[in-house]
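# Chains, contacts and geometry: an overview
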Amino acid sequence: ALIDMTMQIQSSNQTVFQVISKFLRSWKKYDTQWNLWDAKRRAELDKIAEKRYSVVYFDVRICVYKGLAEGLASYPHEKDIGFVRIDSSAVISGIRKQALEWASDYGKILNQLAQKDLEQVQQQIEQFHKQLEDVPTDLAKLKELLNVISTIKSIDMDMVIRIWDIQEKYRTLR
């Protein structure tokens, strides 16, 4: 009877430790699937600003990482497996912090792109404004002024689209 009981205890211990190992392996997906600690992806983040991805690209990434962090907020911090209680609060906190950092990094890049686009639009508007302030004194100056007006009219829709794009970038960052 004692030998049977010892065998049952060993079997139970082995089963508990297998379940614990499986539970611990389940956390690896945040490194392998999500690549939260991948140095190569971090280096690629710098190149993203140069490629000028659309707002949708950034919106998806920011939402995904924020969603990951929010999903883990409701995850139970303690889990009982057999006779062992595992406290996962440090792991959950670390993963959430890393996910929010990724969301923040994508947000910073989007903010830089929006700021750069906004400055370009502002410069162009200021340039046209200065050109429109000139009072024509002869026919040549009048032609120049009319050319400026014609240029403004020709880029009107392009400018509106650029401004909408900038607005959308800032709306995404909210």
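For the structure, see preceding data.
Residues numbered from 1 in each chain as written. Predicted model: local features only at pLDDT ≥ 70, side-chain atom pairs only at ≥ 80, totals over all residues. Heavy atoms only, no water.

### Some words on the nonpolar core
Burial of nonpolar side chains together is a common tendency in soluble globular proteins. With 26 residues, the main nonpolar core has Leu36, Phe58 and Tyr106 as its most contacted residues. Those elements that provide at least two residues to this core are α1 (2–26), α3 (39–51), α4 (55–73) and α5 (89–133). Residue contributions to this core peak at nine residues, all from α5. The contacts of phenylalanine 58, once residues within four sequence positions are left out, are Ile48, Tyr53, Tyr106, Ile109, Leu110 and Leu113. (Core = buried A, V, L, I, M, F, W, Y, C linked by side-chain atoms within 4.5 Å. Buried < 20%, exposed > 50% of the residue type's maximum accessible area, 1.4 Å probe, protein only. Helix = DSSP H or I, 4+ residues; strand = E, 2+ residues; numbered from the N terminus. Contact = heavy atoms within 4.5 Å.)

### Here we look at the packing of aromatic side chains
All chains considered together, the criterion is met by 12 aromatic pairs. Pairing phenylalanine 23 with tryptophan 27 gives two aromatic rings, centres 6.0 Å apart and planes at 85°, and the pair type is edge-to-face. Assigned by exposure class, phenylalanine 23 and tryptophan 27 land together as buried. The interplanar angle of 20° and the centroid separation of 5.8 Å between the aromatic rings of tyrosine 65 and tryptophan 102 together place this pair among those described as stacked. Highlighted residues: tyrosine 65 in helix α4 and tryptophan 102 in helix α5, separated in sequence by 37 residues. One aromatic cluster is present, formed by Trp34, Tyr53, Tyr57, Phe58, Tyr65, Trp102 and Tyr106 through successive ring pairs. One residue, arginine 41, lies across the ring of tryptophan 102, its end atom 4.6 Å from the ring centre. (Phe/Tyr/Trp six-rings, centres within 6.5 Å; stacked < 30°, edge-to-face > 60°. Lys NZ or Arg CZ within 6 Å of the ring centre and 35° of its normal.)

### A few points about a nonpolar patch on the surface
On the surface, Leu132, Leu139, Leu142, Leu146 and Ile149 cluster together into a nonpolar patch covering about 430 Å² of accessible area. Counting residues per element, the nonpolar patch draws most heavily on helix α6 (residues 139–173), which supplies four residues. Along the polypeptide, leucine 132 turns up in helix α5. (Patch = residues over 30% accessible without salt bridge, like charges linked within 9 Å, V, L, I, M, F, W, Y side chains within 5 Å. Areas by Shrake-Rupley, 256 points an atom, 1.4 Å probe, with all protein chains shown as cover. Salt bridge = Lys/Arg side-chain N within 4 Å of Asp/Glu carboxyl O.)

### As for the pairing of strand β1 (residues 78–81)
Across a regular strand the side chains alternate sides, sitting on one face of the sheet and then on the other. Pairing analysis gives four bridges linking β1 to strand β2 (residues 84–87), with the strands arranged antiparallel. Residue pairing in the sheet places aspartate 80 in a bridge with arginine 85 of β2. Between the end of β1 and the start of β2, which pair antiparallel, lie two residues, with glycine 82 showing a positive phi angle near 60°. (Pairing = 2+ DSSP bridges.)

### Quick word on unusual backbone geometry
Despite not being glycine, asparagine 35 shows a phi value in the positive range, around 50°. By relative accessible area, which is 22% here, asparagine 35 ends up partly exposed. Positive phi values are uncommon outside glycine, yet arginine 52 reaches one of about 60°. Counting through the fold element by element, arginine 52 comes out in the loop between α3 and α4.

### Here we look at the environment of aspartate 80
Counting through the fold element by element, aspartate 80 comes out in strand β1. The partly exposed category is assigned to aspartate 80, whose relative accessible area is 49%. Distance in space between the C-alpha atoms of aspartate 80 and isoleucine 20 is 9.5 Å, their sequence separation being 60 residues. Side-chain polar atoms of aspartate 80 contact the side chain of arginine 85, separated by 2.7 Å. (Polar contact = N/O pair within 3.5 Å; in protein donor to acceptor, adjacent residues only side chain to side chain.)

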